[in-house]
Amino acid sequence: MSLDVSPQLLADAENGEVREEDFVETVRTSLPYAYDLIARLAGELRGGNAKFADNQTPPPSEKERGQLLRALSSDAIRGSLERHFGVALAFQNCHRVAAFRPEDLGGETHTRFTSLRSQILNQSPEFRDC
């Protein structure tokens, strides 16, 4: 299971109304490594002039890697984190996630980062089992 959903949030979902703030809080507490990593990247992006901020450091364990993979593979989780932090995320491998400004989606840097070529050049044997 990806998220530790509280009884109240489950009841809200069953009744059809879920506040995104409550969902993001559930993500924060359930997937703290992924949340903190994306928060850090968003802060780096806001605090600098670079076109994007990215992580190239492998997670400390498979537990953290799993959190990141679950967060980025779920459209709902990923979208909520993007809206919460005001970024657009791009993902290349088991840990290389990048934060872009939403207005830069489709621009030269984003297109290059998400290209087939970049995906191929970002591969190495240690990523095969991640």
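Preceding block: the structure.
What you see is a predicted model; the values in this text were computed from it and never measured.

(A) Up close: the side chain of E64. Among the secondary structure elements, E64 is positioned in helix α4 (residues 62–73). We note that E64 is buried and unpaired, the nearest opposite charge coming from K63 at a distance of 5.7 Å. Excluding anything up to four places from it in sequence, E64 contacts Y33 and P59.

(B) Spotlight on the side chain of D54. Within the secondary structure, D54 sits in strand β1 (residues 52–54). Here the side chain of D54 touches Q56 through a polar contact of 3.1 Å, side chain to side chain. Within polar-contact distance, the side chain of D54 engages the side chain of R96 at 2.7 Å. Setting aside chain neighbours within four positions, we find D54 in contact with L41, R96, V97, A98 and F113.

Scoring rules and cut-offs
Residues numbered from 1 in each chain as written. Predicted model: local features only at pLDDT ≥ 70, side-chain atom pairs only at ≥ 80, totals over all residues. Heavy atoms only, no water. Helix = DSSP H or I, 4+ residues; strand = E, 2+ residues; numbered from the N terminus. Buried < 20%, exposed > 50% of the residue type's maximum accessible area, 1.4 Å probe, protein only. Lys, Arg positive; Asp, Glu negative; His and termini not counted. Salt bridge = Lys/Arg side-chain N within 4 Å of Asp/Glu carboxyl O. Contact = heavy atoms within 4.5 Å. Polar contact = N/O pair within 3.5 Å; in protein donor to acceptor, adjacent residues only side chain to side chain.

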